[in-house]
Amino acid sequence: MLFFRSSPLRLFMICGFTAVFILTVTFWINCSDYAFTLPSSSSASSMAALNAANGNGVGGNNKGSYYGEPFEDIECNINAEYIISCKKQGSEVYLPFSFIQKYFEVYGYVSQQSGTVRFEWSHSHGKINKPRGTYNPRGIFMYFDNYNVEMRDRVKCISGIDGVPISTQWSADGYFYATQIAQFGLSHYSKNFTDQEPRRRVLENGDDERGTWTSTGNSSLNVVYFPDKYSNCVNFSTLTTTTTTTLTTLAKKSILTSSTINQSPEPSSISITNLNHTLDLVLSIDLLTLSSDGGTSFTVRLQHSHTPEKIFNLTYVTGSDVLIHAENDNIEYGLGTRTDGIWRHIVRDLFIDLQKGLQFQSSGEKRKKIRRSEIRILEISLSGKGVFDNLTLATSDHMAHFFDAAEWLVKNQNKTSGGWPIPVRRKLGSGFLELAAGWYSAMAQGHAISLLARAYHARGTRKYLKAAVNGLKLFKVPSYQGGIQAKFLGKYVWYEEYPTQPPSYVLNGFIYSLLGLFDLNAIAPLNYSTEAGQLFDQGMIALKKMLTLYDTGSGSTYDLRHFSLGIAPNLARWDYHATHVNQLLLLATIDKDPVIKATAERWKDYMRGIRAQHN
């Protein structure tokens, strides 16, 4: 039987006539123990390995010298199950890194900096985000300023009606997923603290900022004063037959500075051209549609800088509930059927809308992603009949996206249960009963409450506070009765990300729910915060008692199915393990119990290959 002896781990790369490096990693073989150590980047042995990899002393017969020792081809018998090809040099054996990477689930790649070739080895791919200080419920949510939810592959698009992500995580058709919507809002809220002040350019507001417009046919562009907006707005029409009656009524007896809308029997359009904008790709507009049959739209014409002949058209259409439709380079988003006579503030990230459209064309063929800096805005045109104000381009508009998420949460909360139902079924794993569509999640509840508490803090609007407090109801309802509460050993209160039968006790979702409770307790007025504080305290008692049950000695488990079902543990992937560490480090800033910080530090060491001691 082969055992590994403590010795430098060396890199060997043999360069043949193909000039392709073969990466190998060294294991010193002996019969003493299993321990091995990583070599110093400055060690002589590492430099010798690099010399060997560059062909010094390596012959075409696969034999070379490394400190005078020749290399030989040998077979490695892996657990008496299969054979792989290895290299031997004296008493030292080299195994291919491609084998080691898969076998031990480690990561590595060759890098070259300042002419020096190095092999970068890491035990995990997770990233630790150190807390910026004591957690502030009114500030950045964890490290979500690094999140780009809308760019995820499992986000189909951003809804033109609601301005929030449409998820495809568990259904290709797309659906509203409260967890993802809240993450979208929390990420933009957090970016508002960390990003630079956005650059804005008002193209047209009917008042002090006027655009240069061109038209075809007998289209009309007039200025209208709306007292309820305290500003001039721009009335437009490209329809073949129009009247002023609807506009006068909807303007609430406004003073029309130009009251005639021309009629045109020919197709016509109104556009603002010669923009040549880059990076300022977030468009916002206040829009009032007047077409009784819908069909009012605005189109943004984009150009790819590397291929100027490549033109894309993004069209946003009222009277349509179509999420997204793409054909060739024309992409369309529906703004909803119930839009006539209602002012809407629409904010669209043109780059995201383009990217999503290009990936889901009618042909079904996925296309290569493009960069934000490669897109230019050439033209914005309007068609149909309506009034608009504050047509603006900006580098970002984080708070607009944040409040789109807050508004969706308010409108789509089940007022009776206080929850945000998940509209697709979910099977967590073998042995758990399937969750039928309409189930509730502690993680969704916690994220939503974190967002709504911040929305209330930012604006002081009572509807956000009311929805957040209403979201507490499910924390008190047992999971077997449709709620999210489970009890470990009938004693410790746990909030279930997946309210399975039997309970699954998913760790990361539980901690996110605790943060929601903490946020509301900190932000809400005293007469609203007491219940959130009590629920948080109950959860923290459970966390401190149960936390070490997730410890494997070399990582953490995602849940406790090994306890609930009596099966093998469900080991957390390194990204989930890193999330556990990040969450615990954050909790350690608000709760000084040593078990939280000590566990976080031990689990952080696991990510560097340091394991618990054995007997």
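Residues numbered from 1 in each chain as written. Predicted model: local features only at pLDDT ≥ 70, side-chain atom pairs only at ≥ 80, totals over all residues. Heavy atoms only, no water.

### Remarks on the overall build of the protein chain
Phase 1: Each helix and strand in the protein chain was counted, giving 13 helices and 26 strands.
Phase 2: When the 615 residues of the protein chain are sorted by exposure, 52% land in the buried category.
Phase 3: Sequence separation of 24 or more characterises 64% of the internal contacts of the protein chain that already satisfy a separation of 6 or more.
Phase 4: Only carbon and sulfur atoms are counted for the fraction: they give 50% of the accessible area of the protein chain, which is about 28500 Å². (Helix = DSSP H or I, 4+ residues; strand = E, 2+ residues; numbered from the N terminus. Buried < 20%, exposed > 50% of the residue type's maximum accessible area, 1.4 Å probe, protein only. Contact = heavy atoms within 4.5 Å. Areas by Shrake-Rupley, 256 points an atom, 1.4 Å probe, with all protein chains shown as cover.)

### Digging into the packing of helix H12 (residues 574–587) against helix H13 (residues 594–606)
Phase 1: Between H12 and H13, the shortest axis-to-axis distance is 9 Å and the interhelical angle comes to 150 degrees. Relative to H13, the element H12 is oriented roughly antiparallel. The two elements H12 and H13 meet at a crossing, and its hand is left-handed. Across the interface between the two elements, Trp 574, His 577, His 580, Val 581, Leu 584, Leu 585 and Leu 587 of H12 pack against Ile 596, Lys 597, Thr 599, Ala 600, Glu 601, Trp 603, Lys 604 and Tyr 606 of H13.
Phase 2: Here the contact of H12 with H13 is built from residues that sort into 9 nonpolar, 3 polar and 3 charged. (Axes fitted to C-alpha atoms, helices over the stretch in contact; angles between N-to-C directions. Parallel < 35°, antiparallel > 145°, perpendicular 65-115°, else oblique. Left-handed = near helix turned anticlockwise from the far one by under 90°. Nonpolar A, V, L, I, M, F, W, Y, C, P; charged D, E, K, R; others polar.)

### Quick word on helix H8 (residues 462–470)
Phase 1: Along H8, the residues classified as buried are Tyr 464, Leu 465, Ala 467, Ala 468 and Asn 470.
Phase 2: The inward-facing, buried residues of H8 contact helix H6 (398–411), helix H7 (442–459), helix H9 (507–523) and helix H10 (526–546).

### Describing the pattern of salt bridges
Phase 1: Under the defined criterion, the tally for this structure stands at 22 salt bridges.
Phase 2: A salt bridge links Arg 348 to Asp 353; the nearest nitrogen and oxygen atoms lie 2.9 Å apart. Here the two residues Arg 348 and Asp 353 agree in accessibility, since each one is buried.
Phase 3: Taking the shortest distance from any N to any O, the salt bridge between Arg 573 and Asp 575 comes out at 2.9 Å.
Phase 4: In this structure Asp 575 comes out as partly exposed when scored by relative accessible area, which is 31%.
Phase 5: Put simply, Lys 544, Asp 591 and Asp 593 are held in one network by salt bridges that share partners. (Salt bridge = Lys/Arg side-chain N within 4 Å of Asp/Glu carboxyl O.)

### Thoughts on the environment of Glu 197
Phase 1: Secondary-structure assignment places Glu 197 in the loop between helix H3 (178–194) and strand S11 (200–204).
Phase 2: Exposure remark for Glu 197: the relative accessible area of 72% places this residue in the exposed category.
Phase 3: The spatial distance from the C-alpha of Glu 197 to the C-alpha of Ser 396 is 8.5 Å, given a sequence separation of 199 residues.

### Topic: the side chain of Ser 513
Phase 1: Within the fold, Ser 513 resides in helix H9.
Phase 2: Beyond its immediate stretch of four places on either side in the chain, Ser 513 contacts Ala 442, Gly 446, Phe 475 and Tyr 495.

### Comments concerning the side chain of Asp 591
Phase 1: Within the element layout of this structure, Asp 591 appears in the loop between H12 and H13.
Phase 2: On the basis of relative accessible area, Asp 591 is assigned to the buried category, the value being 16%.
Phase 3: Within the structure, the side chain of Asp 591 is placed 2.8 Å from the side chain of Lys 544, a separation counted as a polar contact.
Phase 4: Within polar-contact distance, the side chain of Asp 591 engages the backbone nitrogen of Asp 593 at 3.0 Å.
Phase 5: Setting aside residues no more than four positions away along its own chain, Asp 591 makes contact with Met 540, Lys 544 and Ile 596. (Polar contact = N/O pair within 3.5 Å; in protein donor to acceptor, adjacent residues only side chain to side chain.)

### A word on the pairing of strand S13 (residues 220–226)
Phase 1: Within S13, 5 of the 7 residues are buried, which leaves the element mostly enclosed by the surrounding structure.
Phase 2: In this structure, S13 lies alongside strand S14 (residues 231–237), joined through 7 bridges in antiparallel fashion. Across the sheet, Val 223 pairs through a bridge with Val 234, a residue of S14.
Phase 3: In this antiparallel pair of consecutive strands, S13 and S14, the connection spans 4 residues, and Tyr 230 shows a positive phi of 55 degrees. (Pairing = 2+ DSSP bridges.)

### As for H12
Phase 1: With 14 residues, H12 extends 20 Å between its outermost C-alpha atoms, agreeing within 8% with the 20 Å of an ideal straight helix rising 1.5 Å per residue.
Phase 2: The element H12 is extensively covered by neighbouring structure, given that 12 of its 14 residues are classed as buried.
Phase 3: Considering only its buried residues, H12 is in contact with strand S7 (107–113), H9, H10 and H13. (Expected span 1.5 Å × (residues − 1).)

### Brief notes about the packing of aromatic side chains
Phase 1: Inspection of the entire model under this criterion finds 36 aromatic pairs.
Phase 2: Where Tyr 103 meets Phe 104, the ring centres are 5.0 Å apart and the plane angle is 70 degrees; that geometry is what we call edge-to-face.
Phase 3: Note on Tyr 103: relative accessible area 39%, which makes it partly exposed.
Phase 4: Judged by its relative accessible area of 37%, Phe 104 falls in the partly exposed class.
Phase 5: Arranged with centres 6.1 Å apart and planes meeting at 40 degrees, the rings of Tyr 135 and Phe 518 form a pair that is tilted. Of this pair, Tyr 135 sits in the loop between strand S8 (116–122) and strand S9 (155–158) while Phe 518 sits in helix H9, placing them 383 residues apart in sequence.
Phase 6: Residue class for Phe 518 comes out buried when judged on its relative accessible area of 17%.
Phase 7: These aromatic residues form a ring-pair network of at least three members: Phe 475, Phe 488, Trp 494, Tyr 495, Tyr 505, Phe 510, Tyr 550 and Phe 563.
Phase 8: Above the ring of Tyr 333, the side-chain terminus of Arg 348 is found at 5.2 Å from the ring centroid. (Phe/Tyr/Trp six-rings, centres within 6.5 Å; stacked < 30°, edge-to-face > 60°. Lys NZ or Arg CZ within 6 Å of the ring centre and 35° of its normal.)

Remember that the coordinates give geometry; whether it matters functionally is a separate question.
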